[in-house]
Every structure is written in structure tokens, then in C-alpha cells.
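# Inside the fold
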Amino acid sequence: MAQQPTTSRFTNPSPARPSSLPDRRPSRAVVEPVRPVVDGGAFAAKAALGEPIVVLADVFTDGHDVVAAALRWRQAPPSSGEENPWRETAMASAGNDRFHAMITPDELGRLEYDVVGWIDHLETWRRDTVKKLDAGLDISSELLAGSRLVDATLDATTLDTDDRARLSELRSALARGESTATSATLRDATWAEVFWRCSPRAPEAHLSRPLPVDVDPLHASFAGWYEFFPRSSVGDDAEGSGGSDDAPRTVLDSIDRLDHITSMGFDVVYLPPIHPIGITNRKGRNNATTATPDDVGSPWAIGSSAGGHTAVSPELGTVDDVATFAAACSERNMHLALDIAFQCSPDHPWVSDHPEWFAKRPDGSIQYAENPPKKYEDIYPLDFESDDWQGLWNALADVFRFWIGHGVTVFRVDNPHTKAFAFWEWAIATLRLEHPETVFLAESFTRPRVMERLAKIGFNQNYTYFAWRQSQWELEEYFTDLATRTVDYFRPNAWPNTP
């Protein structure tokens, strides 16, 4: 028997055939979103605090009536279900049924917007009456029709005092029927603004649902990142950067690099993993399978008896030292970014405390990481198909919470495309609801569709994958794509390499 297809929560089912007339007369206006919108609203578009958002929508109707449009937006309702008030601004016509408006977000977190369209009967009447005046036609019937429209508008109780006064003057002019005065009055283009504010809108047309936009800190949309390893850095009194014969420098020692980094115009200081490094199967230089006593191993082989993802390698300092370093970055108007690599060395505490979080071979041993023919015997990948996946997800989210609690709000995430999409969608949404100031950069050196999915589900920035594109046509094609098709949600961070 054929397997029944499954449906996604983002799938729009075919509309059911209506069995009866609607309770209320539908609007004749039609509203169709243009941008920003990602997969019909299944995912949030991206914006930055204090940076304008241009909203485009097509608003039109049958026949020849004038349509008007408004953009409404608000902070998305919190989980408590409380409703935030809508704000509204007029949308201007750009021609060919397209309308546009610009708003500037003033709060971090998720906002949502709606586009409202309606038939502007007053402006339709004014436009058509002016046409008849221009043609020298009799407008006595139009004056009566206009009087009725203005009367209906004046019956509204929410009119601004100035608008009510202007409409009353218009009503008097129409009642007098003086063609010369009426002609001059109706040719005043400012009536369009008055009618936009005052005309009865019911019934209105809306988007099928409000569309989400995530408002990030400015450095999530554009920033320069400076990367260095504290243990191999040098002080400001030395040229360049690199190791020396002296003892490895600590996180606190590296504070003396910050003024130099600031002077070059960087926004983010990025430290690759600073956690304890495993001993078991430690790699030597150039991925040698045997390490010498002075080899520190790969910083991405995380975890030892000194701790795991919430610990600092003893030779680099302490957690409090990292908090001090983060504060020093902030004092210089920079942000500290830590590397988050969700993988473990064989010595990581999770291996003994939660063996169920790791995939096993048939002989019961834990499967180390591989990318055939490459082998990474010093790293155990986490199993996102674990029976205790909920415990794993919570533990990983708590790693971010730990460092956020110590002043770190920017994270470069190692190989997120090798972890479950569903985990990232949940984790980033949860963390940004708690801490909307956080920024997540995906080291998504992978296929374009996978990169785009990571951006859709919440990563603020992505590596652009451009390092594998070398010819002119490849680069032109790719960066044109980034500037057009994916521009509402994919933020390219152009790194020439990855650690």
C-alpha cells in the first residue's frame, strides 16, 4: 500500500471550497505581500535596529476605484499572549499597483507587520469629478454624491479636529454648488492625504497573516571580525602576531591587543575555542595521529578532566577572566565572540555522564568523527537522534545561556550544518526571545540550499561559501544572488578562510 504523504507545519493546504456565503461582505481590495517575506511568512525576514525597513506590497481592486493602503507594525505578542498596540503609517503608490512604506525599528526582537488595503471612495469621487470638470461636463449629480460621502465621513467619531473642520468646509462648498469654488477646492492635492486618514475603510483587506521580521543589533547585519588565538598572540610591543618561545599568553594577557584591534576598525573580537582540550587521541601538528608532549592538540577537541563547554582551559585562564575580557571589548565599543563547537573529545564529562548522547558502533564503542577519507579520532560527534534528544537540546542551549550570563552575546557556531535544523530553529528562537541582543554566525561551509536554511531558521549571519568560487562568472553569479533573491534573510559574512 502506498505511503500516505505527510504535511509540514509550513505547508499551505489547498483552500476548501466555500459551502456558504461569508458573514460579512468581503473587501474588494486585494493585498499581496512583496517584501520582506520569506517563504510566505514561514520564517522571519531580518532587519537591524535603527536601520530602515522598506515594505512593498501590491494593493489593487477590480474596476477603476482608487485603493489606499496602510502599513501596520508592532512588536510580536510575547508568549504570555498579551497584545502589543499596532502602529500605522501611510503607504505611497509607486505605480502599477505597487505600494511602499518605510519604518525604522526601535526595539530588538521580533516585530510583525500587516498591510491594509481599502477602497477610497472619497478620493475616487474627487478624481472622477475633477475629470468631468476638465471635460466641461455637468457635475450637479457629483456634488450630491460627494455631499453624501462627506456626511457619512463626518458621522465618524474618531476624526482629527483639523480634518473634521476641513471636511465641514468641503461639505459647505458642495452644498453651495458654486462650480468655480468647487473646482478650485477639489483640485487641491492635499485632499488625498485627508481622505486617506478619514475615509471609512470597512471592509478592509489584510495579508492572510502578519509577517514576521527579526530586528537584530546593528553588528548582526554588518561587522568586521578579528580572529586570534590568545595562546599564540603577542603584545602591542611586538610586530605581527604569532607564537614565541615564551609561555602561552592567557585571555587576560590578550587584553593588550584590544586597542590595536580597535584602531583597525573591527567590531567583533573572535576567539576560537578556549575550553579544555582532550588528551585521548590528541592530534599533533598537521593532524598527525601522534602528539608530542608540547602539542596542545586541536582546540575543537573539547573537554577534559578540567571541564567541558562551560570551562576554560587552565593555561588560558578562568571563566571570570573571559567575562573581564568581554567587558574590556565592550569598553572599546567592540563585542566578544566565542566559538561554539558542539562536539566532544573522548575525555569530555558528557561522555561518561551522558553516553546516550553519542552514537555507538556495533561493538558498543562511541563513533568518532569522520569525513572520509579524513578521520578525527580526537572528536566524538553528538547524536541528534538520541532517545534523550530533549535532554541534549536543553544542555546545548544552556551552554549559550552560561556564556551570555558572563557577558558574551556573539557566537561563531562551528559546523552547524552537521547538526539538526530543528534544534537550531528551537534553540535560537528560544535564546533570542530571552536575549534579543544575541548574534549567531553560522560557519556554514556547505551547499547553498543548506546555508539558506540555516539563515531562515535563525542564524543572523552566514559564511558565504565564496572561498570555493574562483572564476569571475562564479563570483558575479553568487553575489548577485545574495543581493537579490536571498536578501531578506541571508546575510553574507565574507570570510576568506575558516580556522
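Structure report, in brief. (Residues numbered from 1 in each chain as written. Predicted model: local features only at pLDDT ≥ 70, side-chain atom pairs only at ≥ 80, totals over all residues. Heavy atoms only, no water.)

In this structure the tally under the stated criterion is 36 salt bridges. Note that Arg432 is salt-bridged to Asp216, the shortest N-O span being 2.7 Å. You can see Arg432 sitting in helix α11 (residues 421-434) and its partner Asp216 sitting in strand β9 (residues 211-216), a full 216 residues away along the chain. For the pair shown, Arg432 and Asp216 are each scored as buried. (Salt bridge = Lys/Arg side-chain N within 4 Å of Asp/Glu carboxyl O. Helix = DSSP H or I, 4+ residues; strand = E, 2+ residues; numbered from the N terminus. Buried < 20%, exposed > 50% of the residue type's maximum accessible area, 1.4 Å probe, protein only.)

So, on to the packing of helix α1 (residues 121-134) against helix α5 (residues 191-198). Interhelical geometry of α1 versus α5 gives an angle of 155° and a closest axis separation of 8 Å. Regarding the angle of α1 to α5, the classification is roughly antiparallel. Every residue of α5 that contacts α1 at Leu122, Glu123 and Arg126 is listed here: Trp191, Ala192 and Phe195. Along the lines of polarity and charge, the residues of the contact of α1 with α5 split into four nonpolar, no polar and two charged. (Axes fitted to C-alpha atoms, helices over the stretch in contact; angles between N-to-C directions. Parallel < 35°, antiparallel > 145°, perpendicular 65-115°, else oblique. Contact = heavy atoms within 4.5 Å. Nonpolar A, V, L, I, M, F, W, Y, C, P; charged D, E, K, R; others polar.)

Running from N to C, helix α3 (residues 161-176) and α5 cross one another at 115°; their axes reach a closest spacing of 11 Å. It follows from the interaxial angle that α3 and α5 lie roughly perpendicular. Between α3 and α5 the crossing geometry is left-handed. Along the contact surface, α3 presents Asp163, Arg166, Leu167 and Leu170, while α5 presents Trp191, Val194, Phe195, Arg197 and Cys198. (Left-handed = near helix turned anticlockwise from the far one by under 90°.)

Attention now moves to helix α8 (residues 319-331). The terminal C-alpha atoms of α8 lie 19 Å apart, and with 13 residues this matches the ideal 18 Å at 1.5 Å per residue to within 8%. Here α8 has its buried residues at Val319, Asp321, Val322, Phe325, Ala326, Ala328 and Cys329. Those residues of α8 that are buried lie in contact with α7 (258-263), β11 (268-271), β12 (335-340) and α10 (389-404). Immediately downstream of α8, the backbone of Asn333 shows phi near 60°, a positive value. (Expected span 1.5 Å × (residues − 1).)

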